[in-house]
Amino acid sequence: TVIVLDFGGQYNQLIARRVRECNVYCEIYSYRTDLAKIKAKNPKGIIFTGGPNSAYLPDSPTIDPEIYNWGVPILGICYGSQLMMHMLGGKVCKAPEREYGKTLVDLNTDSPLFDTLPAQNVCWMSHNDYIEQAAPGFEIVAHTPNCPVAAAQDKARGLYAVQFHPEVLHTENGTKILRNFVYNVCRCAGDWKMDSFVENSVKALREKIGDGKVLCALSGGVDSSVCAAMLAKAIGKQLTCVFVDHGLLRKNEREQVCEVFGEGGQFDINFVCVDARDRFYKKLAGQDAPERKRKIIGEEFIRVFEDEAKKIGAVDFLAQGTIYPDVVESGLGGESATIKSHHNVGGLPDYVDFKEIVEPLRDLFKDEVRQAGRELGLPEYLVARQPFPGPGLAIRIIGDVTPEKVAIVQDADAIWREEIDKLPMAQRPSQYFAALTNMRSVGVMGDERTYDYAIALRAVTTTDFMTAEVTILPTETITTAANRIVNEVKNINRVMFDYTTKPPATIEFE
Ligand code: XMP
């Protein structure tokens, strides 16, 4: 294990992901975590992350200095490198020239960190402060014209500091630098692999659950599907999955979920598919305010699930598809985002009779969840799915929701996805869907005047979904989809493409 100590930087989860890409297991903890607790994890290496503070100011995040005497190798990145230098007697101050962006760095390739790298390497810099003087005992192993200490090492003590960000893809050979640290310096074995993770998790779940009963709410999304598949493999019939069709799913989605998890599917579990379409449509009738619609769906979902849970009776465990970013973002793991509390963590539903929560995916990043899903034999259309919001198509239908409008948006959306899925993977947007505007306009079809709805097509590229760019698609993809939609979907006579970034627009329409 390698432990990432989080000092509030923006790329911290990326560091952990990169380390895991080297087949070394990695966890993130806040810099506030007790040293004793970190020692108890028995890590082979520690990485200090970047952060927004100045190491020399009195209230800045710091760490028990005992950590430097412990003998476990440490790599400090950006703020982490400055903190290390500052604490060990070097000089850190405001840089005369702020460095930001891709920067050519001169490296000493004798350093174990830079083994097999070129002598000049493009690195991603983002700092206001810099290390003016390395701490005693440290050797400078990289510099730039503006940065006398771009990297330093004290090999004897296993301490390494880099001013730039090896975890960011803009740094050429960045992963190689991290790989060098975990292999050459920390001597990690690199035997953490997804197949063994799945196997170990399945074993651990069996031990934890014993002959207990587990209830799992299955949405058909990646996380809940992989969670269910892992439990299915571990405990079979002791697992009951409840899938609610709220009538706001995408075209054929219910059939796909039932095919995989239902009777005759690949798992031997209890599977309940609840057809709650009418319940939701009735509650939503005439409601056109976005927040109200979301609230109605959320509440009705709980009620439907509650009714099913009552039929099933008491269970021992409730399964949740919480994943590692949820844990870190809710402040339980790292430092950066104590800002955001996640619905999957901490808030336990009070409507189900259960004793304990089980979260099989709690240690995994999203791409690792997908990988685990593949290991478990889930079909690609489930593990590679794009995000789909809980309130479903209701927030892709502007204004009030009717079954007819749902059918329209389902058909148009299916065509749009089909056309985009013809593109190679690398060209596909992060999220793409059709939405039904509440606008009707005049058109002509044959010799007839029409007065029908307009569909909006959306396609965005993003990594964090907090901001998003419009994906530039081949014109033919858009025109083909538009033609097909007006020809194949009734009640649509106009197709628009949404060219708005987020912000100011959101990805969804409501
Ligand atoms: P917005 O529309 O806020 O969406 O830009 C950002 C991302 O979050 C998804 N989203 C939701 N996911 N429940 C969810 O599980 C919701 O209520 C919800 N609202 C938005 C959206 O699809 C996008 O990926």
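About the criteria used
- Residues numbered from 1 in each chain as written.
- Predicted model: local features only at pLDDT ≥ 70, side-chain atom pairs only at ≥ 80, totals over all residues.
- UniProt positions renumbered as here; feature names shortened; annotations may be inferred.
- Helix = DSSP H or I, 4+ residues; strand = E, 2+ residues; numbered from the N terminus.
- Rg over C-alpha atoms; globule rule 2.2 N^0.38 Å.
- Buried ≥ 20, exposed ≤ 12 C-beta atoms within 10 Å, placed from the backbone.
- Contact = placed C-beta atoms within 7 Å.
- Core = buried A, V, L, I, M, F, W, Y, C linked by C-beta atoms within 7 Å.
- Domains from an automatic or database assignment.
- Pairing = 2+ DSSP bridges.
- Axes fitted to C-alpha atoms, helices over the stretch in contact; angles between N-to-C directions.
- Left-handed = near helix turned anticlockwise from the far one by under 90°.
- Nonpolar A, V, L, I, M, F, W, Y, C, P; charged D, E, K, R; others polar.
- Expected span 1.5 Å × (residues − 1).
- Arc of directions from axis to C-beta.
- Parallel < 35°, antiparallel > 145°, perpendicular 65-115°, else oblique.

As named in an unreviewed UniProt entry, the chain is GMP synthase [glutamine-hydrolyzing], taken from Gemmiger formicilis. Reading the Function (unreviewed entry) entry of the UniProt record for the chain gives the comment "Catalyzes the synthesis of GMP from XMP." What UniProt states about the chain under its Subunit (unreviewed entry) heading is, verbatim, "Homodimer."

## Some details on the overall build of the chain
Assigned secondary structure in the chain consists of 14 helices and 18 strands. Computed over its C-alpha atoms, the radius of gyration of the chain comes to 26 Å, within 12% of the 24 Å expected for a compact globule of 510 residues. By its C-alpha atoms, the chain is 80 × 60 × 40 Å across when sized along the principal axes. Burial analysis of the chain (510 residues in total) assigns 44% to the buried set. A separation threshold of at least 6 residues defines the contact pool for the chain, and within that pool the share at least 24 residues apart is 73%.

## Here we look at the nonpolar core
Burial of nonpolar side chains together is a common tendency in soluble globular proteins. With 147 residues, the main nonpolar core has Val214, Cys216 and Leu231 as its most contacted residues. Among the elements that make up this core, the one with the highest residue count is helix H6 (residues 222–235) (10 residues). If near-sequence neighbours (up to four positions away) are discounted, Leu231 is found in contact with Leu205, Val214, Cys216, Leu239, Ala319 and Pro360.

## Here we look at the domain arrangement of the chain
Along its sequence, the chain is organised into domain 1 (2–185), domain 2 (194–383) and domain 3 (392–497). Put simply, the middle of domain 2 and the middle of domain 3, counted by C-alpha atoms, are 28 Å apart. Contact with domain 2, which involves 15 residues of that partner, is made by 13 residues of domain 3. Elements supplying a minimum of two residues to the side of domain 2 that touches domain 3: helix H8 (277–284) and helix H9 (290–312). Among the elements that make up the side of domain 2 that touches domain 3, the one with the highest residue count is H9 (4 residues).

## Quick word on the sheet that holds strand S13 (residues 317–319)
Ordered in space as S12-S11-S10-S13-S14, the 5 strands form an open sheet in which the pairing is parallel. Two strands bound the open sheet, and with one partner strand each, they are strand S12 (270–275) and strand S14 (356–358). Averaged over all pairs of adjacent strands, the angle between their axes in this sheet comes to 25 degrees, without regard to strand direction. Of the pairings in the sheet, the one linking strand S11 (residues 239–245) to S12 comprises 6 bridges and is parallel in character. Residue pairing for S12: Asp245 is matched across the bridge by Asp275. Packed on one face of the sheet, H6 meets strand S10 (214–218), S11 and S13 and runs near 150 degrees to S10.

## Thoughts on the UniProt feature "active site" (unreviewed entry) in the chain
Under the local residue numbering, the UniProt record ascribes the feature "active site" (unreviewed entry) to Cys78, His165 and Glu167. Spanning 90 residues, the named residues form one tight spatial group whose C-alpha atoms are at most 11.1 Å apart. Here Cys78 shows up in the loop between strand S4 (74–77) and helix H3 (79–87). Owing to 26 C-beta atoms within 10 Å, Cys78 belongs among the buried residues under this scheme. Within the fold, His165 resides in the loop between strand S9 (159–162) and helix H4 (174–185). Given 25 C-beta atoms within 10 Å, His165 falls into the buried group. Setting aside its immediate chain neighbours within four residues, His165 contacts Tyr11, Gly50, Ile77, Cys78, Trp124, Ser126 and Thr171.

## What about the sheet that holds S9?
A sheet is described by the order of its strands in space; here 9 strands give the open sequence S2-S1-S3-S4-S9-S8-S7-S5-S6, paired in mixed fashion. Every interior strand has two partners, whereas the edge strands, strand S2 (26–30) and strand S6 (120–133), have only one. On average, each strand axis in the sheet is inclined to that of its neighbour by 25 degrees, with strand direction left out of account. Strand direction decides the pairing type here: strand S7 (residues 139–144) and strand S8 (residues 147–154), joined by 4 bridges, are antiparallel. Within S8, the residue paired with Ala142 across the bridge is Ala151.

## A look at the packing of helix H5 (residues 194–209) against H6
Helix packing for two helices is described by the angle between their axes and how far apart those axes are. Look at H5 against H6: their axes get within 9 Å of each other, and the N-to-C directions meet at 65 degrees. Like other packed secondary-structure pairs, H5 and H6 cross with a definite hand, here right-handed. On H6, the residues that touch Val198, Ser201, Val202, Leu205, Arg206 and Ile209 of H5 are Met230, Leu231, Lys233, Ala234 and Ile235. Here the contact of H5 with H6 is built from residues that sort into 8 nonpolar, 1 polar and 2 charged.

## Focus: unusual backbone geometry
Following Lys502, the chain continues into Pro503 via a peptide bond in cis, with omega recorded as -15 degrees. Counting through the fold element by element, Pro503 comes out in the segment after strand S18 (492–497). In this structure, Pro504 follows Pro503 across a cis peptide bond, with omega equal to 10 degrees. One can find Pro504 in the segment after S18. Backbone geometry at Asn491 places phi at a positive 70 degrees, although glycine is not the residue there.

## Points about helix H14 (residues 475–488)
Because an α-helix packs 3.6 residues into every turn, residues spaced three or four apart end up facing the same way. With 14 residues, H14 extends 20 Å between its outermost C-alpha atoms, agreeing within 8% with the 20 Å of an ideal straight helix rising 1.5 Å per residue. Every buried residue of H14 is listed here: Ala481, Ala482 and Ile485. Around the axis of H14, the buried residues are gathered within 100 degrees of arc, so they sit on the same side. Those residues of H14 that are exposed and angled more than 90 degrees off the buried face are Thr475, Glu476, Asn487 and Glu488. At its buried positions, H14 is contacted by helix H13 (403–420), strand S16 (448–461) and S18.

## Some words on helix H1 (residues 12–21)
Here H1 lies mainly inside the structure; 8 of its 10 residues are buried. Asn12, Gln13, Leu14, Ile15, Ala16, Arg18, Val19 and Arg20 are the residues of H1 that are buried.

## Details of the packing of H13 against H14
Between H13 and H14, the least distance of the axes is 9 Å, while the angle of their chain directions is 150 degrees. In terms of orientation, H13 and H14 fall into the roughly antiparallel class. Viewed along their axes, H13 and H14 form a crossing whose handedness is right-handed. In this structure, H13 uses Asp411, Ala412, Ile415, Trp416, Glu419 and Ile420 to contact H14, whose residues at the interface are Thr477, Thr480, Ala481, Arg484, Ile485 and Glu488. Considering only residue class, the contact of H13 with H14 consists of 6 nonpolar, 2 polar and 4 charged.

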